[in-house]
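# Notes for the structure review
What follows is the residue order along each chain.
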Amino acid sequence: MLRPLYFLLLLTIGTTQLSACAQAPEKPPVAAPPTAGPRLPWLDSLLAASPVLAQHQVGLSLAYADSARPFYGYQETKYFTPASNMKLFSFYTGLHLLGDSLPSLRYFSRNDTLFFQGTGDPTLLHGDVPSRRAYNFLLHRPEKSLAYCAIACVTPFGPSWTWDDYGYYFQPERTAFPIYGNTVRFYATPPAPVRNGGVAAVRPGLAPQSRVRVLPRFFAPLVGPAAPDMLTPGLDKDTHVIRALHENRFYVLPTTKKWVDETPFVTSSGLMLRLLGDTLRRATTGAVWRPRPGLDSIRTLNGLRVDSLYRRMLRVSDNFLAEQLLLMCSTKIGRHDSLSTGRVIRFARKNLLAGLPDPIFWVDGSGLSRLNLITPRTLTALLLKLHQELPERRLLSLLAAGGGQGTLRKRYHDATGPWVWGKTGTLSNNLNVCGYLRTKSGRLVAFTFMNNNHVVDSGDMRNEVERVLRQVRERL
């Protein structure tokens, strides 16, 4: 009698357990952690034992440039703020979309009027990569009237840019038709001494000041001396010019030294037309872009060779050129009704960068935004793609070179010549560098070395990064 009851009890318990198991959610399979290949114990120890690297995020990825994947990684799967290393993604996108030359402007002619609109080309009368191609084109057109047609464009500043950097040379506003690099340049020369009988003298009560020349001259009447209350505590010691927040008023700080500086101006279509008209000495008016289908032939004026822009952008890490580069790229995809950074980024991620190890969080062309996030192994994978697709000589010539030019000119010296070619990425408390180094054995190694949230002195950080990379050079 007990056996049937015992059997029924076991059957009930078993059924209940099976039902519970069936209702429990199934856990997703755990993916095996990605590996970067054989470890390098000496390099692991070098990084782990460094007191300079001890208190912040450190990531390192290495790959032979002629290989398909990294062979070493230290926290290479974690995400970092890349800063200006993002310019390499902009560079890669430009290589695939722009061809051999920059698009300077789009235009069509109707009766006695030339209608034109911007493409984002930053080189018109730029101080460092100047182009007169668009200037000469507009100057010598036979039409009686020039009509600039506005095009929808991104906001002057990118997402999560630092608002109080508006007055610094490295953060000009983004526009569809830049002129003079959207900055004002100031050239200060020391005051000439007043001589009396061969002896230098200064008139009582008047301290000599540097003489300042302003280009373009249009802004000269808007420049004046800084008032004493502008000398606020904490003012950057290298500051020479202060611009009002929302207007083009420039105030020069007192100095007796020689210096050169540039300050972004507040852009607008009206100001651009005045600057262009003053420069061309031809009246330029605003108009609406309304070409007639089948009747008006729309053409693109080609400007500088692309390497002129790439070289300046990568070597000195020019933010403005990088931002405008993506705007020019946007003229090559989608409809031609706007200049959109986001449209280019979406296209590049889907069509050009789909094979990278990790998704990239990419919001601007320059890396000024802290919303950008990438992993070291992903950046190294991009370096491998660049090496595969470009002749090595051309690729290295576009980058900063240790002991040579650009942001690496003061470091990585060697009597035999450059052995590091790369791109730096620096924001407050973030110091990154990536690129290529030639080992003592002759191999070219692609590397990404990222340091985020460091609190040590920047000079000490740079020294430590160089020390580690020199060891990589010696031992590989």
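See the structure printed just above.
The text that follows walks through the structure, step by step, so that each part is easy to find. (Residues numbered from 1 in each chain as written. Predicted model: local features only at pLDDT ≥ 70, side-chain atom pairs only at ≥ 80, totals over all residues. Heavy atoms only, no water.)

## Quick look at the sheet that holds strand β4 (residues 113-118)
Judged by pairing direction, the sheet is mixed, and its five strands sit side by side in the order β15-β5-β4-β3-β16 without closing on themselves. The strands lining the two open edges of the sheet, one partner per strand, are β15 (284-287) and β16 (299-305). Direction aside, the axes of adjacent strands within the sheet are offset by 35 degrees on average. Of the strand pairs in this sheet, strand β3 (residues 101-110) and β4 are connected by six bridges, and their pairing is antiparallel. (Pairing = 2+ DSSP bridges. Helix = DSSP H or I, 4+ residues; strand = E, 2+ residues; numbered from the N terminus. Axes fitted to C-alpha atoms, helices over the stretch in contact; angles between N-to-C directions.)

## Digging into the environment of S308
Its place among the elements puts S308 in helix α6 (residues 306-315). Sequence separation of S308 and L102 is 206 residues, and the distance between their C-alpha atoms is 9.6 Å.

## A word on the layout of surface pockets
Considering only enclosed or pocket space, the second largest pocket measures out at about 280 Å³ in volume. Along its surface, the second largest pocket is lined by 20 residues, and T175, A176, T267, S268 and S269 are the ones closest to its centre. A total of four residues in the lining of the second largest pocket trace back to one element, the largest contributor, which is helix α5 (residues 269-280). Its residues assigned to classes, the lining of the second largest pocket shows 14 nonpolar, five polar and one charged. (1 Å grid on protein atoms, 1.4 Å probe; cavity = no way out; pocket = protein on both sides within 12 Å on 5 of 7 lines; lining within 4 Å. Points joined across faces, edges and corners; volume = space filled by probe spheres on them. Nonpolar A, V, L, I, M, F, W, Y, C, P; charged D, E, K, R; others polar.)

## A closer look at empty space enclosed by the protein
For the structure on display, the rule yields two cavities of 30 Å³ or more. Computed from the structure, the largest cavity encloses a volume of approximately 70 Å³. Along its surface, the largest cavity is lined by S104, G118, T119, G120, D121, T123, L124, S131, A134, A176, F177 and P178. Each residue belonging to the lining of the largest cavity can be placed in one class, and the counts come to five nonpolar, six polar and one charged. Counted as a void, the second largest cavity has a volume near 40 Å³. R106, Q117, G118, I151, S330, T331, H336, S338, L339 and R343 together form the lining of the second largest cavity. Broken down by secondary-structure element, the contributors of at least two residues to the lining of the second largest cavity are β4 and β17 (338-339).

## A short note on the side chain of D307
Turning to its location among the elements, D307 is positioned in helix α6. Given a relative accessible area of 18%, D307 falls into the buried group. One polar contact links D307 to R394, side chain to side chain, over a distance of 2.7 Å. With residues near it in sequence (within four places) discarded, D307 still touches R394 and L398. (Buried < 20%, exposed > 50% of the residue type's maximum accessible area, 1.4 Å probe, protein only. Polar contact = N/O pair within 3.5 Å; in protein donor to acceptor, adjacent residues only side chain to side chain. Contact = heavy atoms within 4.5 Å.)

## Thoughts on the sheet that holds strand β1 (residues 57-64)
Taken in spatial order, the six strands line up as β2-β1-β21-β20-β19-β18 in an open sheet, and their pairing is antiparallel. The open sheet has two free edges, formed respectively by β2 (72-74) and β18 (400-401), since each of these has just one partner strand. Across eight bridges, the pairing between β1 and strand β21 (residues 444-452) is antiparallel. Bridged to L60 within β21 is F449. Along the sheet face, helix α11 (residues 458-475) touches β1, β19 (420-427), β20 (430-438) and β21 and points at about 25 degrees away from the line of β20.

These figures come from the coordinates and say nothing about function on their own.
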